[in-house]
Amino acid sequence: MRRTLSRRDAIRSLMGTGIGLIAAPAIGQELERPDVARQAIRRNTSSFRVESWQEHFDNLDHGVILCDTVSRALQFWSEDESVYKLYPTSVPMSEDLTRRGYTRVVYKDPAPDWAPTPSMLERDPTLPEYVGPGPENPLGIRALRLSWQYYRIHGTNDTRKIGRRSSNGCIGLYNEQIVELYELAEVGTQVKII
């Protein structure tokens, strides 16, 4: 019997193969297994829009992160273009929670804690006042704080959120992938949310 995979199943399948999510290689990037990369590109063509950094940024100073709220994907390019990454994300659950434009990474949080914003408490007064680092924390195990107040790129302990409109404004990644991005990004990394 033939089974059609959902977007989430396809993402989990790719993660389980050890090849991760690979899009077009950066200019000059060598691939150890081009056959595997071609397979991954074909699998992602209907799910993720692969953008060119030049369409959104003037330069790669400190590296760049492009968050696409339509295809629910985050792309990262290193300053020297030797590293390119594509990750599935969660995105804000509504247009009024979605902030678009340019910002920067201003702080790398190795063990994020969480408190609801005033607007979150207004929408849901039953939210806890504070959650420290750990498995109950909605920010997962790492976070990149952006120059916009309350906005972050962070992990999540609830993997069901990835690939969905499920956040209150932030961009969420699987914990394993935010750890990787956390190591690659630096304070000053340029960010654009489209």
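Residues numbered from 1 in each chain as written. Predicted model: local features only at pLDDT ≥ 70, side-chain atom pairs only at ≥ 80, totals over all residues. Heavy atoms only, no water.

Would you mind showing me how to read the overall build of the protein chain here?
Tallying secondary structure elements over the protein chain gives four helices and ten strands in all. When its helices and strands are written in sequence order, the protein chain yields α-α-β-β-β-β-β-α-β-β-β-β-α-β. When each of the 194 residues of the protein chain is scored for burial, the buried share is 45%. For the protein chain, contacts bridging at least 24 residues in sequence account for 63% of all contacts bridging at least 6. Split by element, the accessible area of the protein chain, about 10,500 Å² in all, is 49% carbon and sulfur. (Helix = DSSP H or I, 4+ residues; strand = E, 2+ residues; numbered from the N terminus. Buried < 20%, exposed > 50% of the residue type's maximum accessible area, 1.4 Å probe, protein only. Contact = heavy atoms within 4.5 Å. Areas by Shrake-Rupley, 256 points an atom, 1.4 Å probe, with all protein chains shown as cover.)

Please clarify how the pairing of strand 6 (residues 143–146) should be interpreted in this entry.
It is a general feature of regular strands that their side chains alternate between the two faces of the sheet. Summarising the sheet, strand 5 (residues 101–109) and strand 6 pair through four bridges and their orientation is antiparallel. Within strand 6, the residue paired with Lys-108 across the bridge is Leu-144. Across three bridges, strand 6 lies against strand 7 (residues 152–156) in antiparallel orientation. Bridge pairing in strand 7 places Ala-143 opposite His-154. (Pairing = 2+ DSSP bridges.)

Would you mind showing me how to read the layout of surface pockets here?
Where empty space is left in the structure can be found by rolling a water-sized probe over the atoms. Put simply, the largest pocket is a space of about 680 Å³. Counting residues per element, the ones that place at least two in the lining of the largest pocket are helix 3 (118–123), strand 6, strand 7 and strand 8 (165–167). Counted by class, the lining of the largest pocket contains 16 nonpolar, twelve polar and eight charged residues. (1 Å grid on protein atoms, 1.4 Å probe; cavity = no way out; pocket = protein on both sides within 12 Å on 5 of 7 lines; lining within 4 Å. Points joined across faces, edges and corners; volume = space filled by probe spheres on them. Nonpolar A, V, L, I, M, F, W, Y, C, P; charged D, E, K, R; others polar.)

Mind showing me how you'd approach the sheet that holds strand 7 here?
Within a sheet, each strand pairs with its neighbour through backbone hydrogen bonds, oriented either parallel or antiparallel. Spatial strand order, 3-2-1-10-5-6-7-9: eight strands in an open sheet with mixed pairing. Here the strands that pair on one side only, and so sit at the sheet edges, are strand 3 (84–88) and strand 9 (171–174). Neighbour-to-neighbour, the strand axes of this sheet turn through a mean angle of 30°, independent of strand direction. On top of the sheet, helix 4 (residues 175–184) reaches strand 1 (64–68), strand 2 (73–77), strand 3, strand 5, strand 6, strand 7 and strand 9; it is set at about 110° to strand 9, its chief contact. (Axes fitted to C-alpha atoms, helices over the stretch in contact; angles between N-to-C directions.)

Sorry, what's going on with the environment of Arg-152 here?
For Arg-152, the position within the fold is in strand 7. Separated by 45 residues in sequence, Arg-152 and Tyr-107 have C-alpha atoms that sit 9.6 Å apart. Ignoring sequence-local partners within four residues, the contact set of Arg-152 consists of Leu-139, Ala-143, Leu-144, Arg-145, Leu-146, Cys-170 and Ile-171.

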